[in-house]
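# Architecture and fold: a report
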Amino acid sequence: SGAVAGSGGVAGSGGVAGSGGVAGSGGVAGSGGVAGSTAQCTTTGTSVIGDSCESACDCGCRQEDQASWGSCSSAAPQWETCKSDGICHRATCGQNRGPGLGSPDSCADDSDCCSPFACNQTARLCCSPEGVSCSNGKACCGDLRCLSSGGPSPVTCQQCLALRSTCFQASDCCSNGCSGSLGGGFCCIPSGSNATCSEDRDCCTGTCTAGLCQ
């Protein structure tokens, strides 16, 4: 009901009818549904994933519209569609990949990324939330760090480690310093850092002087 018939076609509920049929008046199909129709697009959309849209025609790289394929950014197209929130989203869920396997897929919000991944909405890229794998260089969400969790090879995204925590590499630590032997080091403050120390053992090298490691 509410559908407009194309060349004599009859639509179901919210469906597209015949050739050129449109669902509703550029309508929305359910919660998170697709807005409008591409059947009557007269121009190629330029909006990318995360940009605003009024109908699917505004979004580039649409799988159902060959005329839009020139807007696709790579050999592995990231198909787009306009959803009911007025934003161009992925038509299929995206992955988080490390540099050796390509790159993270684009996203507008968490719904665009395949589970268990989430969306870094600043970078508009799928990322690994806390507790999820960061192996092979997968990006962690927000300020999370790729930690080893008991071994020398980083495996999961976690909060950075506090001062004097056991560490395997400098990037494990909030202070960006790890001193000691592999597997038995501790988080410390590198010399020249603006981080505040309270005693000499806070420093990777040197001494704590006037609150700074020197």
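Residues numbered from 1 in each chain as written. Predicted model: local features only at pLDDT ≥ 70, side-chain atom pairs only at ≥ 80, totals over all residues. Heavy atoms only, no water.

### Here we look at the pattern of salt bridges
One pass over the structure, following the stated rule, counts 8 salt bridges. For Glu-64, the salt bridge goes to Arg-62, with nearest N and O atoms at 4.0 Å. Residue Asp-65 is joined to Arg-62 by a salt bridge in which the shortest nitrogen-to-oxygen separation is 2.2 Å. The same class applies to Asp-65 and to Arg-62, which are both buried. (Salt bridge = Lys/Arg side-chain N within 4 Å of Asp/Glu carboxyl O. Buried < 20%, exposed > 50% of the residue type's maximum accessible area, 1.4 Å probe, protein only.)

### Considerations on unusual backbone geometry
Pro-116 follows Ser-115 through a cis peptide bond whose omega is 10 degrees. Positive phi outside glycine occurs at Cys-61, with the angle close to 55 degrees. Note on placement: Cys-61 falls in the segment before β1 (80-82). What makes Cys-61 buried here is its relative accessible area of 2%. Phi at Arg-124 takes a positive value of approximately 60 degrees, unusual for a residue other than glycine. By the element assignment, Arg-124 lies in the loop between β3 (118-120) and β4 (125-127). (Helix = DSSP H or I, 4+ residues; strand = E, 2+ residues; numbered from the N terminus.)

### Observations concerning the nonpolar core
Grouped together as the largest cluster of nonpolar side chains are 6 residues: Cys-107, Cys-113, Phe-117, Cys-119, Cys-126 and Val-132. Look past the residues within four positions of Phe-117 in its chain and what remains in contact with it is Gly-94, Gln-95, Asn-96, Cys-127, Ser-128, Pro-129, Val-132 and Lys-138. In this structure, Ile-189, Cys-197, Cys-203 and Cys-208 belong to the second largest nonpolar core, which totals 5 residues. (Core = buried A, V, L, I, M, F, W, Y, C linked by side-chain atoms within 4.5 Å. Contact = heavy atoms within 4.5 Å.)

### Examining the environment of Thr-205
Looking at where Thr-205 falls in the secondary structure, it is placed in the loop between β9 (185-187) and β10 (208-209). For the pair formed by Thr-205 and Cys-188, sequence separation is 17 residues and the distance between their alpha carbons is 8.7 Å. With residues up to four places along the chain from it excluded, the contact list for Thr-205 reads Ser-191 and Gln-214. Polar side-chain contacts of Thr-205 include one of 3.0 Å to the side chain of Ser-191. (Polar contact = N/O pair within 3.5 Å; in protein donor to acceptor, adjacent residues only side chain to side chain.)

### Some remarks on the layout of surface pockets
A volume near 180 Å³ is recorded for the second largest pocket. The wall of the second largest pocket is formed by 13 residues, among which Val-48, Ile-49, Ser-71, Ser-73 and Glu-80 lie closest to the centre. (1 Å grid on protein atoms, 1.4 Å probe; cavity = no way out; pocket = protein on both sides within 12 Å on 5 of 7 lines; lining within 4 Å. Points joined across faces, edges and corners; volume = space filled by probe spheres on them.)

### A look at the side chain of Ser-128
Its location among the elements puts Ser-128 in the loop between β4 and β5 (145-147). Taking the relative accessible area as the measure of exposure, Ser-128 reaches 0% and is therefore buried. In terms of polar contacts, Ser-128 uses its side chain to reach the backbone carbonyl oxygen of Ser-133, at 2.7 Å. The residues contacting Ser-128, other than those within four sequence positions of it, are Asn-96, Phe-117, Ser-133, Lys-138, Ala-139, Cys-140, Cys-141, Leu-144 and Cys-157.

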